[in-house]
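Listed below, chain by chain, are the residues.
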Amino acid sequence: MALETISEARSHGGTQGVYRHSSTATGTPMTFAVFVPDHTPGTRLPVLWFLSGLTCTHANVMEKGEYRHACAKHGIIFIAPDTSPRGDEVPDEEASDFGKGAGFYVDATQEPWSRHYRMRSYIEDELPGIIAAHFPVNEQRQGITGHSMGGHGALTIALRNPGRFRSVGALAPIASPLRCPWGENALGGYLGLDRQAWRAYDATALIEDGARLPELLVDQGTADSFLAEQLKPHLLDEACRAANIPATIRLHEGYDHSYFFISTIMADHVAWHAQGLR
């Protein structure tokens, strides 16, 4: 599949690129960022997928996430997709937690969203093939993480695809969209009112229904203004304990939900993934 290079730049002993292609899953052009550390020709490198949060694009983590030094040190390719389809023909809503920039990594079933809002298929199926065809990735050594809505996406994608990811993490994730306003609004809009259909997009429900991970890391700031109402990491902790999933939930005193927190913890977070990707 044709891939358009929007930009490439040297950084931290590697190449930071931004690329675009025509997506069959969403029916729109899709843009994503990839950092590739310098490596010996012919080498296939481990991969860390990063899924971004509400209102974000690939650019937020690329410009503010401060992951390149750590990824270059550990020899990890870093992939940052967009959060939703975009374009004049794509339906939208003024609310920041629904519509463009808020795809919630679901395959929508309700009109008018179902035609383009197919981020589950895009991230799980289409984009990995694009990446494998154009970048020196080792498909057997993959990790996944994400921030906020992207943390929800990372957890649910990993739980639905057992064995695909050697390391699974999240940064201030929406732990249970079934039980928070952001999730109820998004899942209700994209999937309809049958809450049983929502369970495939809720990490705690997937674990309750039998999905498992070998290990999990969550980093969360204690001064996050969304902690109590929207994120609820204690629900994820309880689900993991009940299922005997080894889960480390690290609380970082005084940090909020912003990229000031993400950039602070990113090197440690990448290092943890590197251990699992060896």
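A brief structural summary. As the structure is a computational prediction, the values presented were derived from the model and not from experiment.

### Here's the deal with the overall build of the protein
- What the protein contains, in helices and strands, is nine helices and nine strands.
- In terms of overall size, the protein behaves like a compact globule, its C-alpha atoms giving a radius of gyration of 17 Å where 278 residues would be expected to give roughly 19 Å.
- Considering only residue pairs separated by 6 or more positions, the protein has 71% of its internal contacts joining residues 24 or more positions apart.
- In the form shown here, the protein has an accessible surface area of approximately 11200 Å², with 48% of it arising from carbon and sulfur atoms.
- Between the centroid of the 23 positive side chains of the protein and the centroid of its 32 negative side chains there is a distance of 7 Å.

### Quick look at the packing of aromatic side chains
- Summed over all chains, the structure comprises twelve aromatic pairs.
- Ring plane angle 35° and centroid distance 5.9 Å describe the contact between tyrosine 19 and phenylalanine 32, whose orientation is recorded as tilted. With tyrosine 19 in strand β2 (residues 14-22) and phenylalanine 32 in strand β3 (residues 29-37), the pair connects residues that are 13 residues apart, well separated along the chain.
- Among the aromatic residues, those joined into a cluster by ring pairs are Phe35, Phe50, Tyr67 and Phe78.
- The ring of tyrosine 67 has arginine 68 sitting right over it, with the charged end atom 4.9 Å from the ring centre.

### Remarks on the nonpolar core
- Grouped together as the largest cluster of nonpolar side chains are 66 residues, with contacts concentrated most on Phe32, Val34, Phe104, Ile131, Ile144, Tyr190 and Leu236.
- Setting aside residues no more than four positions away along its own chain, valine 34 makes contact with Thr15, Gln16, Gly17, Tyr19, Ile77, Phe78, Ile79, Ile131 and Phe135.
- Counting residues in hydrophobic clusters, the runner-up holds 22 residues, among them Tyr67, Leu171, Ile265 and Val270.

### Some points on the pairing of strand β6 (residues 137-146)
- In terms of residue burial, β6 counts as a mostly covered element, since seven of its ten residues are buried.
- As judged from the two bridges shared by β6 and strand β7 (residues 167-171), these two strands associate in the parallel manner. When the sheet's bridge partners are listed, isoleucine 144 is paired in β7 with valine 168.
- Read from β6 through helix α4 (residues 149-160) to β7, the crossover connection turns out right-handed.

### Quick notes on unusual backbone geometry
- The omega torsion of the bond from glutamate 111 to proline 112 falls at 0°, within 30 degrees of zero and hence cis.
- If you trace the backbone, proline 112 turns up in the loop between β5 (77-81) and α3 (119-134).
- One non-glycine residue, histidine 12, lies in positive phi territory at about 50°.
- Note on histidine 12: relative accessible area 48%, which makes it partly exposed.
- Located in the positive-phi region is tyrosine 105, a residue other than glycine, with phi close to 55°.
- Residue tyrosine 105 is classed as buried on the basis of its relative accessible area, which comes to 0%.

The rules behind each value
- Residues numbered from 1 in each chain as written.
- Predicted model: local features only at pLDDT ≥ 70, side-chain atom pairs only at ≥ 80, totals over all residues.
- Heavy atoms only, no water.
- Helix = DSSP H or I, 4+ residues; strand = E, 2+ residues; numbered from the N terminus.
- Rg over C-alpha atoms; globule rule 2.2 N^0.38 Å.
- Contact = heavy atoms within 4.5 Å.
- Areas by Shrake-Rupley, 256 points an atom, 1.4 Å probe, with all protein chains shown as cover.
- Lys, Arg positive; Asp, Glu negative; His and termini not counted.
- Charge placed at Lys NZ, Arg CZ, Asp CG, Glu CD.
- Phe/Tyr/Trp six-rings, centres within 6.5 Å; stacked < 30°, edge-to-face > 60°.
- Lys NZ or Arg CZ within 6 Å of the ring centre and 35° of its normal.
- Core = buried A, V, L, I, M, F, W, Y, C linked by side-chain atoms within 4.5 Å.
- Buried < 20%, exposed > 50% of the residue type's maximum accessible area, 1.4 Å probe, protein only.
- Pairing = 2+ DSSP bridges.
- Right-handed = clockwise from strand over helix to strand, strands pointing away.

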